[in-house]
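In case you want the letters, here they are:
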Amino acid sequence: MKTRRDFIKISALGLGATAVTAGAAKAVLGSSLFGNENENDAETLRRVATYCEVCFWKCAGWAHVTKDGNIKKITGNDDDPQCNGRLCPRGTGGVGMFSDPDRLKTPLMRVTKDGQQTYREASWDEALGFISTKMKDLKAKHGAESMALFFHGSSGNHFSNLMKAYGTTNLAAPSFAQCRGPRDVGFEATFGESVSSPEVTDIRDTKCLVLIGSHIGENMHNGQVQEMSEAIDAGAVIITVDPRLSTAASKSKYWLPIKPSTDIALLLSWIHVLIYDELYNKEYVGKYAEGFEELKNHVKLFTPEWAYGITTLKPDLIRKTAREMANASPSVIIHPGRHAAWYGDDVQRTRAIAILNALLGSWGNRGGIFFKEGIKIPEFPHPDYPKPAWSWKDLLDGKFPLANEAVTNSVIEASYPKEGKEARIKGWIVSGTNLVAAVPLKAELAKAMQSLELLVVVDTMPMEITGFADVVLPECTYLERYDDIRATAHREPTLCLRMPAVEPLNQTKPAWWIAKQLGERLGLGAYFNYKDYSEVLDWQLKQVGSSLEEMQRIGVKKSPRKTSPYIETGTDHQFKTASGKIQLYSHELAEAGFDAMPVFTQHPEPQEGFYRLIYGRAPMHTFSRTANNPNLVALMPENSVWINPQVAKIWGIKKDQYVWLKNQDGAISNFSVKVRLTERIRWDSVYIVHGFGHHHKPLRFAYGRGVNDTELITNVMMDPIMGGTGMRGNFITFLKEDPRKEIES
Ligand SMILES: Nc1nc2c(c(=O)[nH]1)N[C@H]1C(S)=C(S)[C@@H](COP(=O)(O)OP(=O)(O)OC[C@H]3O[C@@H](n4cnc5c(=O)[nH]c(N)nc54)[C@H](O)[C@@H]3O)O[C@H]1N2
Ligand SMILES: Nc1nc2c(c(=O)[nH]1)N[C@H]1C(S)=C(S)[C@@H](COP(=O)(O)OP(=O)(O)OC[C@H]3O[C@@H](n4cnc5c(=O)[nH]c(N)nc54)[C@H](O)[C@@H]3O)O[C@H]1N2
Ligand code: SF4
Ligand SMILES: [Mo]
């Protein structure tokens, strides 16, 4: 069937003949680029300041560049509190992002040749000319607001600036509705602010750390992993609630193998025990919280015996763990989590987590949650942005009232005609996000991508999303460019520089350059009043008492705090809520028509022969981002499906056998997946690591390896409070034979 946008396989074009460096060749041949200690360091000419882009922890490091212009290795910057001089395996293997032979190399434009849609190489001038003409046209016809940006990672700031100058604030990232949005909204409703990124959890000094699903150790956020290990060495009690014996659970004093989807029941019964056994921090609650009596009444019946029937966790264990938390109070953290879009009642689950922290007096105390302090980098001078006539909020039609960042799903839905109404969004720029794997709304995404008048994708790699673009723009990797200063607010204010270690390979360009070029062509040059981004950085750094020259030398600059990270005795601390008090009972939620205190609701159970699909991270990969990175593929080439041996026995499934997965709606995995038999998972669930199962052939190292959980997530449970896409209400069964003769690529 002819469609407006056929999915185009970039491989079919015979592109990629462009030269790759010696480093790339080495990577392809499988030789490690992890920095061979025996190599002669004299060949290293210089070290260049950078921060990592392999995940969003953004550790500061040094790229070590050889005389012949290769990046020999990347090491951590000792002065960076986010990594303390040590990168994780992904950060160390980050050189693979640079040397990957499958990188995008030139701009590509969609053309129809002999009735077939394909891409052809284009010059930057032509590609940018095409986009800006189209954007001018869209602005004239439908208003600037008809353009939207989808972004993730550092390139986002540059394109956000462009979009705001152009006249739209429809800027959406999957890190909200698909990730931390529910958590942030839950904490904001309780404490008046979110826990930020990097999280302001004082893990280093905690006496008790409770992890609800958060699988630190596989979730490899560097500083956090290091702090957890320090806390364990110092004797902290770790309590992990997870249907799977995660790495964190294996290091814990208590593992609570909860029946998935029932966490709110456990949290409510913990609250019950703390209140009715009078274990909560009375002084703190009396001073800083409001709504205690309402909460006490609310949880009256939620005893551990009640929770046992729901969670399968023994009442004794629930009482004992509540007591451990109380013993450590206020040096205790019920970790807020990060990827929180689980079951559609996720704001309420994180509210329950926030309430527990409040009852134990964590926020504002050592070993709990600290107050962050940072340095604000001023904006480079530019004219005021025009005020858009409408924004993403107007797309919500009264839904998701507490959404305080654009909801990707709503922007996607507004991008195709519905119920006889014309689409309000007509054009997208997508940068640094592989929406096809990140957003589980496959049908909506497909409709949107067919309806758009303009679809531009900026990426470093030929990920699936690039196959839908009208124009593909190749960004250079983080090792080849300047980006904004990382100005971290945490235990101490930290500034951190990323600068090019080497020249961009092939025709690739940094996002700041692409945004500026488009801006100038759109008549918005005044917003990009510089020749090179180094001018912006130097100006900004000078405003805060540093300079580009200084930062190039040191990479990281820490400043002393001016305020205390904890509540000072004798002071009357005001939280950032409307009343200045912690909201155990949320007036904001009640006024918006939601439960003012968390309520447990039963979620659907798997039918016979089906198992709940749960997913998470592996230490060696970051979603799609690393899927084709030769260094990291060498460490972990594919994911496997974790199955409990009892279940495997029923099915006659053997260790290392390959199976296909089929979900409750008949969706079948694109590829087969290797079986990992393990007692470490409950019998009612199966587990896979997200980020595998790529079906785009130009990804030579990633293609066909493992399965993609997103394809099996067809039941999406929306959080009515903020639009999070709960993704864990899907159930799979096993197919032992290849269900398709020909696998679509
Ligand atoms: N190595 C690596 N590290 C990463 C990333 C990466 O891609 N790679 N991504 C980063 C990003 S963006 C994020 S948001 C974070 C996400 O990291 P987390 O916030 O830690 O992730 P979650 O998805 O919340 O948790 C996954 C865990 O939840 C468990 N689980 C599944 N269902 C349930 C349930 O019903 N109840 C409970 N209690 N547990 C359940 C799973 O078994 C798994 O161990 O990781 C970050 N760190
Ligand atoms: N099924 C399922 N869906 C999920 C999750 C899950 O666990 N399971 N996790 C959710 C979470 S927590 C998150 S945060 C989101 C993340 O989802 P995404 O934002 O899609 O994250 P990545 O997979 O890292 O996508 C990164 C894209 O950026 C490109 N890229 C890498 N470096 C650069 C660069 O320097 N410049 C540019 N322009 N592009 C670059 C990569 O090639 C890739 O296409 O996914 C969410 N969706
Ligand atoms: S945690 Fe690892 S991948 Fe993430 S920024 Fe740090 S070094 Fe890079
Ligand atoms: Mo995330």
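In case you missed it, the structure is sitting above this.
Notes on the structure follow. No experiment lies behind these values; they were computed from the predicted model shown. (Residues numbered from 1 in each chain as written. Chains lettered and ligands numbered in written order. Predicted model: local features only at pLDDT ≥ 70, side-chain atom pairs only at ≥ 80, totals over all residues. Heavy atoms only, no water.)

1. Observations concerning the site of ligand 1
- In the region of ligand 1, 31 residues are neighbours, and Asp242, Asp263, His339, Tyr343 and His621 sit closest.
- Take His215: an N or O atom from its side chain is 2.8 Å from an oxygen atom of ligand 1.
- Asn219 is positioned such that a nitrogen or oxygen atom in its side chain is 2.9 Å from a nitrogen atom of ligand 1.
- Protein burial of ligand 1: of its 920 Å² of free accessible surface, 99% is covered by the chains.
- A class-by-class count of the residues in the shell around ligand 1 yields 14 nonpolar, 9 polar and 8 charged. (Near = heavy atom within 4 Å. Polar contact = N/O pair within 3.5 Å; in protein donor to acceptor, adjacent residues only side chain to side chain. Areas by Shrake-Rupley, 256 points an atom, 1.4 Å probe, with all protein chains shown as cover. Nonpolar A, V, L, I, M, F, W, Y, C, P; charged D, E, K, R; others polar.)

2. A word on the site of ligand 2
- As a matter of local geometry, ligand 2 sits amid 29 residues, with His152, Ala438, Asp459, Glu475 and Arg625 nearest to it.
- Note that an oxygen atom of ligand 2 is positioned 2.4 Å from one of the side-chain N or O atoms of His152.
- Gly432 is positioned with one of its backbone polar atoms (N or O) 3.2 Å from an oxygen atom of ligand 2.
- When contributions to the shell around ligand 2 are tallied by element, the ones reaching two or more residues are helix H6 (174-191), helix H16 (435-438) and strand S14 (454-459).
- Looking at the shell around ligand 2 element by element, the count peaks at 3 residues for H6.
- Broken down by class, the residue content of the shell around ligand 2 amounts to 11 nonpolar, 12 polar and 6 charged. (Helix = DSSP H or I, 4+ residues; strand = E, 2+ residues; numbered from the N terminus.)

3. A closer look at unusual backbone geometry
- Backbone torsion omega between Ser197 and Pro198 reads -5°, so that peptide bond is classified as cis.
- With respect to the helices and strands, Pro198 occurs in the loop between H6 and strand S8 (208-212).
- The linkage connecting Ser329 with the following residue, Pro330, adopts the cis geometry, with an omega of 5°.
- In this fold, Pro330 is placed in the loop between helix H13 (315-328) and strand S12 (332-334).
- For Lys58, which is not a glycine, the phi torsion comes out positive at approximately 60°.
- Along the chain, the position of Lys58 falls in the loop between strand S1 (44-51) and strand S2 (60-66).
- Relative accessible area serves as the criterion here: at 25%, Lys58 is assigned to the partly exposed category.
- Positive phi, close to 50°, is recorded for Asp114, a residue that is not glycine.
- Residue position: Asp114 is located in the loop between strand S4 (108-113) and strand S5 (116-121). (Buried < 20%, exposed > 50% of the residue type's maximum accessible area, 1.4 Å probe, protein only.)

4. Some points on the environment of Asp233
- Secondary-structure assignment places Asp233 in helix H7 (residues 222-233).
- Remark: the alpha-carbon pair of Asp233 and Gln82, spanning 151 residues in sequence, is separated by 19 Å.

5. Things to note about the pattern of salt bridges
- One pass over the full model with this rule turns up 40 salt bridges.
- Between Glu227 and Arg491 there is a salt bridge, and its shortest N-O distance comes to 2.6 Å. Here Glu227, found in helix H7, pairs with Arg491, found in the loop between strand S16 (486-488) and strand S17 (494-496); they are 264 residues apart in sequence, far enough to count as distant. Just as Glu227 is buried, Arg491 falls in that class too.
- A salt bridge links Lys655 to Asp656; the nearest nitrogen and oxygen atoms lie 3.7 Å apart.
- In this structure, a network of salt bridges that share partners links the residues Glu53, Glu475, Arg481, Asp483, Arg498 and Arg625. (Salt bridge = Lys/Arg side-chain N within 4 Å of Asp/Glu carboxyl O.)

6. Digging into the packing of aromatic side chains
- Applying the stated rule across the entire model yields 22 aromatic pairs.
- Here the aromatic rings of Phe380 and Trp539 are separated by 5.5 Å at their centres, their planes lie at 85°, and the arrangement is edge-to-face. Pair noted here: Phe380 is in the loop between helix H14 (346-359) and helix H15 (408-413) and Trp539 is in helix H19 (residues 533-543), with a separation of 159 residues, a long-range link.
- On the basis of relative accessibility, which here comes to 28%, the residue Trp539 falls in the partly exposed class.
- Taken together, Phe187, Phe191, Tyr284, Tyr288, Trp363 and Phe575 form an aromatic cluster joined through their ring pairs. (Phe/Tyr/Trp six-rings, centres within 6.5 Å; stacked < 30°, edge-to-face > 60°.)

7. A word on the sheet that holds S16
- Across the sheet, 3 strands lie side by side as S16-S17-S18; this open sheet has antiparallel pairing. Edge positions in the sheet fall to S16 and strand S18 (556-558), since each has one partner strand and no second. Within the sheet, the average angular offset between the axes of one strand and its neighbour, ignoring direction, is 15°.
- Here S16 runs beside S17; their pairing, made up of 3 bridges, is antiparallel. Across the sheet, residue Ala487 finds its bridge partner in S17, namely Leu495. (Pairing = 2+ DSSP bridges. Axes fitted to C-alpha atoms, helices over the stretch in contact; angles between N-to-C directions.)

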